[in-house]
Each structure stands twice: as structure tokens, then as C-alpha cells.
Amino acid sequence: MNTEDHRHVRPWRMIDRRKSRKINVGKVEVGGDAPISVQSMTNTVTSDANATINQIRELEEAGADIVRVSCPDVESTQAFKIIAKAAKVPLVADIHFHYKRGIEAAQAGAACLRINPGNIGSKDRVRDVVQAARDHGCSMRIGVNAGSLEPHLLEKYGEPCPEAMVESALFHANILRDLDFHEFKISVKASDVFLTVAAYQQLSEAIDCPLHLGVTEAGPLRTGTIKSSVGLGNLLWAGIGDTIRISLAADPVEEIKVGFDILKSLGLRHRGVNIIACPSCARQGFNVIDTVTQLEARLAHISTPLSLSIIGCVVNGPGEALMTDVGFTGGGSGKGVGMVYMAGKIDHKIDNDHMVDHITDLVEKKAAEIEAKMAAEEAAALVAAQ
């Protein structure tokens, strides 16, 4: 069951998402009632098509819904055509300031163009990019960053602030709307968590387009994850946000992992094994930290949503196991032996020396059962619809 199924008995878990209009980024719906999508960005040299394709493959395997690719020069947009054909997920072309790159990227197979219309130049240039997007089925993302606000806004407000960022975003949005182009989403990112959250809160009340969330330039893996979790978690909990990107100075695959973990923690999306584990103490009947580290690596290939509890003793173990698909509790009367729970019920015992292999096997079998059940339900639905 998901959060939706429990709303009548657990209203405190309810997140009412902001109502936005829906757009398409290739085959991925963004906004409206669509699931919140998770994005990352390649950091290879785009003109090196093979290296970029290989990195996109890694992101796809990690679960990326959308991948952004920078197109700063003509060599990049030339390679983009090859890259787009090889990609299994829709690609966003980040075209920076040059309007020709936008036209070339749309022609090369981009599903979305990341732009600031006001930075492209004359109205004719903006119109040409919009026409290329319209002709080739591209959506757009208006990307406003606190670090690159227009000089007149900095002069008006004195510094980057939520009001300046929202004014910039709405100005750019109006350029597109005046051209009768509405397939766009907006981001208002800052490296400061407070500024990011405040800007998105104000923007969410000012326009109905989908919002792309992110704390930009959040930093290295650990601190960047924390900053992003605080900022995006705050917004998502309030129902704001339709697609997210975690900006880390780390392997882009880590961005996808963190993004899904944030959504998973709020019950907004479920992917892979959710491991519930105690921090361990003197009561533990086995080495909890080492066990969880091993299991996290052994189960990383599973994308099926399911839950696993690993608790060192019987104080909280049975209670946590009651709420998970598979559970293991150490301690109790038997030394070197723990209790295995299936679907919240005591099932059997296993000695600690073999528990990692055993639990891995149980989780893999449970994932296969869930997938088989889902496939059967989809097949039955197709038959019923015929």
C-alpha cells in the first residue's frame, strides 16, 4: 500500500500537491497528477558522444527519469543528435545564451530546452527558438539562478532575494506566453536554502506552471545531500514541486539516489529497497552497521519498492518488523541467532553468520513476487479494457 491508501486513517501523512498544469518532457509527464520526476545532468564533454552516452546509461540504470546535457557549442549540438537517439530517457539541452544552439538542439532530438528567454537576445531570436521547440515537440525550462540575476534586478533589490528571482521568472514566462507557448516549467534556484525555499514558495502562488526544484551548487556528497534534503524536503512536504534535481559535486548517479531517497522518505515515490535499521548499541546481537552496509550494496540492483528492517535487538525489532516486508531482529534468548519476519509475522530463525546471504535471497524472491503480481494485474486490466 502507498500513502494514498492510508489517508483515511493517517491524515498526518497526507501531502496535498500544488495543482499545476501538466506538460511533457518527451514521454515523461511533468506537473498535474504525474509522479514527481527525478533528474540529473551529465558532466562529460558533450562533443564526446560515447562518453556522454555511457554516463546517461549509468543514470538510466539508477532510475533517472530525465537527463540534462549541456550544449555550449556547435560541436555539442552535433553530437547531441547521436546522443538523443541512444538515450532511453528524454534529454534536456542546456543551451545557455546562444539561440542557435536552441534551434540546433531541438532539431537534434532534445525533449526540452533549458533557457532564459531574456538572455537569448532580440524578440526575433526568441521567436525562432520557440518556433523550433514547437516544430519539434520540445518543452522548455526557464532556469533562474540567484547567482546570475539580471543587473537591473540586483540594482532594484540590492541583492539576490526571493522577490527578485520571482520577478525574473515571471518576466521570462511572459515572453513565452506572449508567443502563445505554454509548454514550460520554471526553476528558481539558489545555493542558500532559505532563499531557495522562499523563492519557490512565492513563485508557486504566482503561476500555475510546473516547478523544477533544486538547491543549486549544493556542494559535495554529504553536505550537498543535507542541504538539498532540508530545502527540497520542506517544499515537497508543502506540496510544491513537480520534478527535482539534486546538484552535487559528486558522481551524477548519486544525485539520482538522493533524489529518490528524499521522495521515498515523504512517501511521494517508491523505488528500491527501503532499509530501516537501528544505529546499534550494546544490546545488539550482531554487527548492525556492517550488516546494513553489506545489504545496501547487495540489494542496490533491486528497483522494486519494498521494505526491509534490520534491528540489532528485540526492544524495537518486532515492532519495526511488523511494518516491513522482510525483517530481521537480533538478540533474544539465542546467541548468534536472529529472528526473521515475513510480512510482519515471525517466520523462522537464522544464524548470524549466514544472515546477509539469507536476507538477500529473501528480498530478491519477495521482489520477484511483487513484480509477478504487478504484471498479472496489468495483464488483467488490459484484458478487462478490451
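Look above for the structure.
Reading the values: rules and limits
Residues numbered from 1 in each chain as written. Predicted model: local features only at pLDDT ≥ 70, side-chain atom pairs only at ≥ 80, totals over all residues. Heavy atoms only, no water. Buried < 20%, exposed > 50% of the residue type's maximum accessible area, 1.4 Å probe, protein only. Helix = DSSP H or I, 4+ residues; strand = E, 2+ residues; numbered from the N terminus. Pairing = 2+ DSSP bridges. Right-handed = clockwise from strand over helix to strand, strands pointing away. Core = buried A, V, L, I, M, F, W, Y, C linked by side-chain atoms within 4.5 Å. Contact = heavy atoms within 4.5 Å. Phe/Tyr/Trp six-rings, centres within 6.5 Å; stacked < 30°, edge-to-face > 60°. Lys NZ or Arg CZ within 6 Å of the ring centre and 35° of its normal. Lys, Arg positive; Asp, Glu negative; His and termini not counted. Salt bridge = Lys/Arg side-chain N within 4 Å of Asp/Glu carboxyl O. Axes fitted to C-alpha atoms, helices over the stretch in contact; angles between N-to-C directions.

## Concerning the pairing of strand E4 (residues 66–70)
Thinking step 1. In terms of residue burial, E4 counts as a mostly covered element, since five of its five residues are buried.
Thinking step 2. The two faces of E4 match: Ile-66, Arg-68 and Ser-70 on one face and Val-67 and Val-69 on the other face are all buried.
Thinking step 3. When strand E3 (residues 37–41) meets E4, the two strands line up parallel, connected through three bridges. In the strand pairing of E4, Gln-39 is matched with Ile-66.
Thinking step 4. Crossover E3 to E4 through helix H1 (residues 49–62) is right-handed.
Thinking step 5. Handedness of the crossover is the feature at issue here: the chain leaves E4, passes through helix H2 (residues 74–86), returns alongside strand E5 (residues 91–94), and the resulting connection is right-handed.

## Notes on the sheet that holds E3
Thinking step 1. If you walk across this open sheet you meet the eight strands as E8-E7-E6-E5-E4-E3-E10-E9, and the pairing is parallel. Strand pairing shows two members of the sheet lacking a second neighbour, strand E8 (184–189) and strand E9 (212–213), which therefore form its edges.

## Brief notes about the nonpolar core
Thinking step 1. Membership of the largest hydrophobic core comes to 80 residues, with the highest contact counts inside it found for Leu-91, Leu-113, Met-140 and Ile-186.
Thinking step 2. In this view, Met-140 contacts Cys-112, Leu-113, Ile-115, Val-129, Val-130, Ala-133, Leu-176, Phe-181, Glu-183, Phe-184 and Lys-185; residues no more than four positions away in its chain are not counted.
Thinking step 3. Residues Val-292, Leu-295, Phe-328 and Val-363 belong to the second largest nonpolar core, which totals 20 residues.

## Regarding the packing of aromatic side chains
Thinking step 1. Taken as a whole and assessed by the stated rule, the structure comprises one aromatic pair.
Thinking step 2. Considering the side-chain rings of Phe-286 and Phe-328, the 5.3 Å spacing of their centres and the 70° angle between planes classify their relative orientation as edge-to-face. Within this pair, whereas Phe-286 is found in the loop between strand E11 (273–277) and helix H11 (288–298), its partner Phe-328 is found in strand E13 (residues 326–329), the two being separated by 42 residues in sequence. Here Phe-286 matches Phe-328 in class, with each residue buried.
Thinking step 3. Residue placement shows Arg-21 over the ring face of Phe-184; its charged tip is 4.7 Å from the ring centre.

## Digging into the side chain of Lys-185
Thinking step 1. The topology assignment puts Lys-185 in strand E8.
Thinking step 2. Here Lys-185 is buried and forms no salt bridge, its nearest opposite-charge partner Glu-183 lying at an N-O distance of 9.2 Å.

## Side note on the sheet that holds strand E12 (residues 306–311)
Thinking step 1. On the basis of which strands lie adjacent, the open sheet formed by five strands has the order E11-E12-E13-E14-E15 and mixed pairing. Two strands in the sheet have a free side with no partner beyond their single neighbour: E11 and strand E15 (345–351). Between one strand and the next, the sheet's axes are offset by a mean angle of 20°, whatever the strand orientation.
Thinking step 2. For E11 and E12, the ladder comprises five bridges, and the chain directions are parallel. Each bridged residue has a counterpart across the sheet, and for Ile-276 the counterpart in E12 is Ser-309.
Thinking step 3. This element, H11, spans E11 and E12 of the sheet and lies at about 160° to E12.

Take it as geometry only, folks, not as evidence of what the structure does.
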